[in-house]
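# Structural overview for review
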2 protein chains.
Amino acid sequence: MITIKDVANKAGVSVTTVSRVMNNRGPLSEATKKAVHDAMEELGYLPNDVARALGKNSMNIIGLIIPGLKHPFFGEMVHEFEYYAHERDYKLMVFATEYDTEKEKRCINLMRRNMVDGIIYASHSVGEDFQKGIHIPAVIVENEFNGIPAILSDNVQGGTMAARHLIARGCRNLVHITGRRKQYVRPDSRTGAFLAECERSHVPCKVYYTTRDMFVQMEYSEVIGQVFGENPDMDGIFASSDIIGAQCMQAALSLGYRIPEQIKIVGYDDTCISHLTYPPMTTVRQNLKEIVRTAVDTLMDLIEGKEVEAVQKISVAFIERRTT
Amino acid sequence: MITIKDVANKAGVSVTTVSRVMNNRGPLSEATKKAVHDAMEELGYLPNDVARALGKNSMNIIGLIIPGLKHPFFGEMVHEFEYYAHERDYKLMVFATEYDTEKEKRCINLMRRNMVDGIIYASHSVGEDFQKGIHIPAVIVENEFNGIPAILSDNVQGGTMAARHLIARGCRNLVHITGRRKQYVRPDSRTGAFLAECERSHVPCKVYYTTRDMFVQMEYSEVIGQVFGENPDMDGIFASSDIIGAQCMQAALSLGYRIPEQIKIVGYDDTCISHLTYPPMTTVRQNLKEIVRTAVDTLMDLIEGKEVEAVQKISVAFIERRTT
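Below is a short write-up of the structure.

Moving on, we get to the overall build of chain A. The helix and strand tally for chain A stands at 14 helices and twelve strands. In terms of overall size, chain A is more extended than a compact globule, its C-alpha atoms giving a radius of gyration of 26 Å where 324 residues would be expected to give roughly 20 Å. C-alpha atoms of chain A, sized along the principal axes, occupy 85 × 40 × 30 Å. The buried share among the 324 residues of chain A stands at 57%. Taking the contacts inside chain A whose residues are at least 6 apart along the sequence as the reference set, 71% of them involve residues at least 24 apart. About 13,700 Å² of surface is accessible on chain A, with carbon and sulfur atoms providing 47% of the total. Seen as two clouds, the 37 positive and the 41 negative side-chain charges of chain A have centres 2 Å apart.

Set out below in C-alpha cells:
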C-alpha cells in the first residue's frame, strides 16, 4: 500500500507538507503543491478514508438488509438503492438474510462494528433484537416496527385499483392469492382493500395463502393447482406478485383457458416478469424509485439528527396490459 | 457510540483490563472476566472493527462491480456473492456502474480509499485504468484482461450444446441473436461455437446483433421484429439470454406461430424468466453458484498471496423444457 510517507519521499518534502497540501492548509508555494500532486498521481496514492472515518465516526456506508436477490423485485430494489446511495456519496453494503434470524443478528452486529452509518431494513423477519436497540439510525421499508420510520407502498390503493379493474372488466368470481405475513405488525392492507372493494360490489372472492417456502423457492404450483382445481368458475385472479401471476398464467394456458377472454389475471410489482409473459401482464406498479429515494433521504435526515415522519406512503400505479 | 471506556467504568476496571479480557491476554480472574462481559452485554458494546482494520490494513470487504441489478441474471449473481462472501467472513459492497466508465473509476477509487480487500469485476466496460493498475487484488468474471485472473463460463460448451439440440430437433433454418461485445478482449466464443456446429451440420444460420442500449433497457423488439420480418422460414432461434428468448416467444406467439411445433427457441442463463414463460423455455444454465464460489475462493487466495490460475472455466448445463 502506498502511504503518505512514499508521497513525501517522492516529492522531496516532509509528511507534514504533504498533509498540508492534501488539506489545503497553511502557506504553500505553487511549486510545492505541484510536486506533491505529481507524486500522488505518479504513485497512484489515495487518502485512506478508513483512518478519517475513525475521527468522524462514520464510514459513509449504508447497510441494506433484504431477504434475497433472486426475486427480481429485490434485484431492482437493490439497483435503485445503489444508485441513490452513490448519489448521496454513500457506499452500499448488502446483506441477504433469507429469513435466517441468526444471520440477521450477525449482520446487524457486523454493521455496528464496521461503523455503518445507517441501516435500511427491507426484509420481513426482524425479531425483537432489532426493535430493542440497534444503536444505528434505521429506516424500514414495507413494514412497521415501533419507533422505526417506515416507508410504505400504498397497498390500500393497489388492492383497491386491482379489484375495481377486474370488476369493471366483468369478473364475477374472483380469487386472490397472497402471502400470509405473520411477522408483519400491520395487517396486510393490500388484501384487505381488495376484499373490501369486492364486498362493496357484491362480487365473491376467495383468498388463498402462499407460504414463505414458496416465496423463497419462487414455486407456487401447489397452491395454484388447488386454486384451479377448486374454482372451475373463476373468471379473475389477483396475484400478489408478478411471479405468482406468471405461474397462474402458465396454469391457465396449460388447462386451455384463453387469457383474457375466459380468465383475467392481475399481477403486482411491475418487475420485468410482467413485460415478458405472453400476453404481457396487467399489474400494479410499485414505485421503487420513489420508495428508495424516500428511504435514503429519510435515513440521511436521521443521520443528521433531523426529525422525520413516522410513516411515509408512496403511491402505486395501475399498468394495464393484455391479461385483463 | 459506546466505547471501551464506558465498559471499563461500568465494570469498575481499567481500560487496559477490558482490552486484556477482549484479547484474552494475561492473568485474569473469572470474576473480572464476567464483570467485563456483563458490562459489554448490558451496554450493547461491540468492538470497533474499523480501528482494528487500520492495524491489519483490511476491512474484510469484497467490492463487486456489475453493470446493474435490473437484469435477473445479475440479481441472482449478487445473491450468490453475498452468500459466499458472508461464508468467508467478508462483507459485500456493491457498485452498479451501468457502463459509465467515470462512475467505474470513482468506484474503484472509493474501494481503494476504503481498504476494500479485493475486487470482483463482473461488468464489461472496464477501461485502461483498470488494467493499468488498481493496486488491489482483483478477479474478473466472464471477461479477460491482461494479468487479472478470470473466471469464465464455458461458452464454447454452451453454444455447441444449443446448436446440437436445435439441429437434433430438426431445425434447418436457424437464427442466432446475441450482443456484440466490443469491449471484450476475447471474441464471443458462444456465438463462434454455435456457428461452427451449424456449419459442421450444414445448417444455415443468420446472426443478429443487439446493442448495449437494448441490454440496459431489456427491450429487444426492434431487432426481433427484423428477425421475424426477414426470416419467414426460420424454424429455430438461439437467443443469448432468457430475456431475449422470452421476447422472441412473445413475437412468435403474437404472429400465430406454435411453439415448439413451428418454431423452437433456446434461451441462455436459466434465470427465473425461463421458468415463467409459457411454454417454459429450454435454456443453457450458467452455473452461477460455481462461478461465484470460484471467484470468491480465487480472490481469497490472491489476498493471501497465493498463486492462482490465470483462467478457470466453469461448465454449463443444458436444460430442456418445452420450447424445443
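On we go from here.
Residue and element names in this part refer to chain A. Along the polypeptide, N231 turns up in the loop between α11 (221-230) and β8 (236-239). A residue is classified by how much of its surface remains accessible, and N231, at 10% relative accessible area, is buried. A polar atom in the side chain of N231 sits 3.3 Å from the side chain of K206.

Counting from both sides, the interface comprises 59 residues of chain A and, opposite them, 59 residues of chain B. Here chain A meets chain B over a buried area of about 5,300 Å², counting both sides, of which 64% is carbon and sulfur. For the interface between chain A and chain B, the tally reads four salt bridges. As a salt-bridge pair, K103 of chain A and E82 of chain B come within 2.8 Å of each other at their nearest N and O atoms. Taken together, the connections running from chain A to chain B amount to 16 residue pairs in polar contact (both at pLDDT 80 or more).

Turning next to the packing of aromatic side chains. Taken as a whole and judged by the stated rule, the model has 14 aromatic pairs over all chains. With centroids separated by 6.1 Å and ring planes inclined at 65°, the aromatic side chains of Y99 of chain B and F215 of chain B adopt a geometry described as edge-to-face. Taken as a pair, Y99 of chain B in the loop between β2 (91-96) and α6 (101-113) and F215 of chain B in helix α10 (residues 212-217) lie far apart in primary sequence, 116 residues in all. In this structure Y99 of chain B comes out as buried when scored by relative accessible area, which is 12%. Put simply, the rings of F73, F74, Y99 and F215 of chain A touch in pairs and so form one group of aromatic residues. In this arrangement the basic side chain of R190 of chain B is found over the ring face of Y268 of chain B, its NZ or CZ atom lying 3.6 Å from the centre.

Let us look at the environment of L46 of chain B. Within the secondary structure, L46 of chain B is located in the loop between α3 (30-43) and α4 (49-56). L46 of chain B gets classed as buried once you look at its relative accessible area, which sits at 18%. In this view, L46 of chain B contacts N109, R112 and R113 of chain A; residues no more than four positions away in its chain are not counted.

Attention shifts here to the pairing of strand β3 (residues 118-121) of chain A. All names here are of chain A. Of the two faces of β3, the one carrying G118 and I120 and the one carrying I119 and Y121 are both buried. As defined by bridge partners, strand β1 (residues 61-66) adjoins β3 across four bridges and the pair is classed as parallel. Within β3, the residue paired with L64 across the bridge is I120. Looking at chain direction, β3 and strand β4 (residues 138-141) are connected through three bridges and run parallel. Considered in β4, the bridge of I120 is made with V139.

Further remarks concern the sheet that holds strand β6 (residues 174-179) of chain A. Residue and element names in this part refer to chain A. The strand order across the open sheet built from six strands is β7-β6-β8-β9-β10-β12, with neighbouring strands paired in mixed fashion. Two strands close off the open sheet at either side, each with one partner strand: β7 (205-210) and β12 (316-319). For this sheet, the mean inter-axis angle between neighbouring strands, taken without regard to orientation, is 15°. Examined bridge by bridge, strand β10 (residues 282-286) and β12 share four bridges and lie antiparallel to one another. Directly across from T283, in β12, lies its bridge partner I319. Sheet strands in contact with helix α9 (residues 189-200) are β6, β7, β8, β9 (264-269) and β10, and its direction is about 170° off that of β6. Along the sheet face, helix α12 (residues 242-254) touches β6, β7, β8, β9 and β10 and points at about 155° away from the line of β9.

Calculation rules
- Residues numbered from 1 in each chain as written.
- Chains lettered and ligands numbered in written order.
- Predicted model: local features only at pLDDT ≥ 70, side-chain atom pairs only at ≥ 80, totals over all residues.
- Heavy atoms only, no water.
- Helix = DSSP H or I, 4+ residues; strand = E, 2+ residues; numbered from the N terminus.
- Rg over C-alpha atoms; globule rule 2.2 N^0.38 Å.
- Buried < 20%, exposed > 50% of the residue type's maximum accessible area, 1.4 Å probe, protein only.
- Contact = heavy atoms within 4.5 Å.
- Areas by Shrake-Rupley, 256 points an atom, 1.4 Å probe, with all protein chains shown as cover.
- Lys, Arg positive; Asp, Glu negative; His and termini not counted.
- Charge placed at Lys NZ, Arg CZ, Asp CG, Glu CD.
- Polar contact = N/O pair within 3.5 Å; in protein donor to acceptor, adjacent residues only side chain to side chain.
- Buried area = accessible area lost by both parts, 1.4 Å probe.
- Salt bridge = Lys/Arg side-chain N within 4 Å of Asp/Glu carboxyl O.
- Phe/Tyr/Trp six-rings, centres within 6.5 Å; stacked < 30°, edge-to-face > 60°.
- Lys NZ or Arg CZ within 6 Å of the ring centre and 35° of its normal.
- Pairing = 2+ DSSP bridges.
- Axes fitted to C-alpha atoms, helices over the stretch in contact; angles between N-to-C directions.

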